[in-house]
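# Report on the structure
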Amino acid sequence: MDTGVGRRPDAIRVDVGELVLDGFVVDPDRVSTAFTHELTRLVREHGVPLAGGRGPVTLDALSGLPPLPAGLSARRLGQELARAVHAGLSGQGEVQAP
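Anyway, here's the lowdown on the structure attached to this text.

Analysis parameters
Residues numbered from 1 in each chain as written. Predicted model: local features only at pLDDT ≥ 70, side-chain atom pairs only at ≥ 80, totals over all residues. Heavy atoms only, no water. Helix = DSSP H or I, 4+ residues; strand = E, 2+ residues; numbered from the N terminus. Expected span 1.5 Å × (residues − 1). Salt bridge = Lys/Arg side-chain N within 4 Å of Asp/Glu carboxyl O. Buried < 20%, exposed > 50% of the residue type's maximum accessible area, 1.4 Å probe, protein only. Axes fitted to C-alpha atoms, helices over the stretch in contact; angles between N-to-C directions. Parallel < 35°, antiparallel > 145°, perpendicular 65-115°, else oblique. Left-handed = near helix turned anticlockwise from the far one by under 90°. Contact = heavy atoms within 4.5 Å. Patch = residues over 30% accessible without salt bridge, like charges linked within 9 Å, V, L, I, M, F, W, Y side chains within 5 Å. Areas by Shrake-Rupley, 256 points an atom, 1.4 Å probe, with all protein chains shown as cover. Arc of directions from axis to C-beta. Polar contact = N/O pair within 3.5 Å; in protein donor to acceptor, adjacent residues only side chain to side chain.

Moving on to helix α2 (residues 74–89). Helical geometry note: an α-helix holds 3.6 residues per turn, so side chains three or four residues apart project in the same direction. Between its terminal C-alpha atoms α2 stretches 22 Å, which fits the 22 Å expected from 16 residues at 1.5 Å a residue. In the segment just after α2, Gly91 is the residue with positive phi, at about 95 degrees.

The subject of this paragraph is the pattern of salt bridges. Charged atoms that come close allow side chains of opposite charge to pair. As enumerated under the stated definition, the model contains five salt bridges in all. A salt bridge links Arg76 to Glu80, with the shortest nitrogen-to-oxygen separation between them at 3.0 Å. With a gap of four residues between them, Arg76 and Glu80 both fall in helix α2, about one helical turn apart. Of the residues examined, Arg76 reaches a relative accessible area of 38% and is grouped as partly exposed. Two residues, Arg83 and Glu80, come together in a salt bridge whose shortest N-O distance is 2.9 Å. Within this pair, Arg83 and its partner Glu80 are both found in helix α2, separated by three residues, close to a single helical turn. Within the structure, one salt-bridge network assembled from shared partners comprises Glu38, Arg41, Glu45, Arg76, Glu80 and Arg83.

Helix packing geometry: the angle between the two helix axes and the distance between the axes. At their nearest, the axes of helix α1 (residues 28–46) and α2 sit 7 Å apart, and the two run at 40 degrees to each other. On the basis of the axis angle, α1 is oblique to α2. Between α1 and α2 lies a crossing whose hand is right-handed. When α1 is examined against α2, the residues Arg30, Val31, Ala34, Phe35, Glu38, Leu39, Leu42, Val43 and His46 are found in contact with a partner set consisting of Ala74, Arg75, Leu77, Gly78, Gln79, Leu81, Ala82, Arg83, Val85, His86 and Leu89.

Attention shifts here to a nonpolar patch on the surface. On the surface, a nonpolar cluster with roughly 300 Å² of combined accessible area is contributed by Ile12, Val14, Val16 and Leu19. Inspection of the secondary structure puts Val14 in the segment before α1. Look at Val14 and you get partly exposed, because its relative accessible area is 33%.

Compared with an ideal rise of 1.5 Å per residue, which puts 19 residues at 27 Å, α1 spans 26 Å between its outermost C-alpha atoms and is within 8% of the ideal. Within the sequence span of α1, burial applies to Val31, Ala34, Phe35, Glu38, Leu39, Leu42 and Val43. Take α1 and look down its axis: the buried residues cluster within an arc of 155 degrees, on one side only. Among the exposed residues of α1, those pointing more than 90 degrees away from its buried face are Asp29, Arg30, Thr33, His37 and Arg44. Residues of α1 that are buried in the fold lie against α2. Regarding α1, its N-cap is Asp27, as a side-chain oxygen of that residue lies 2.9 Å from the backbone nitrogen of Asp29 further along. Just beyond α1, the residue with positive phi is Gly47, at close to 70 degrees.

Structure below.
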């Protein structure tokens, strides 16, 4: 979508095809809820620089995610994953045109 210079997009859609969390014993629904809540907060507070007028953008993978201790709560794990996704959406990851 072309939003024009300086305009925010009307909508941002993030599709996570598959997420495998080896070594974590957490409720996936709670991780998903925390992920959604934190990513929504980050987008509202900081925006998404890659969405500014360049059309659809595809990010292939999470990058820059530090090692996480296996004992993290579902809430904390969801938050950390959302921060990694937002970093990618902010230009700190590999970006491809669709």
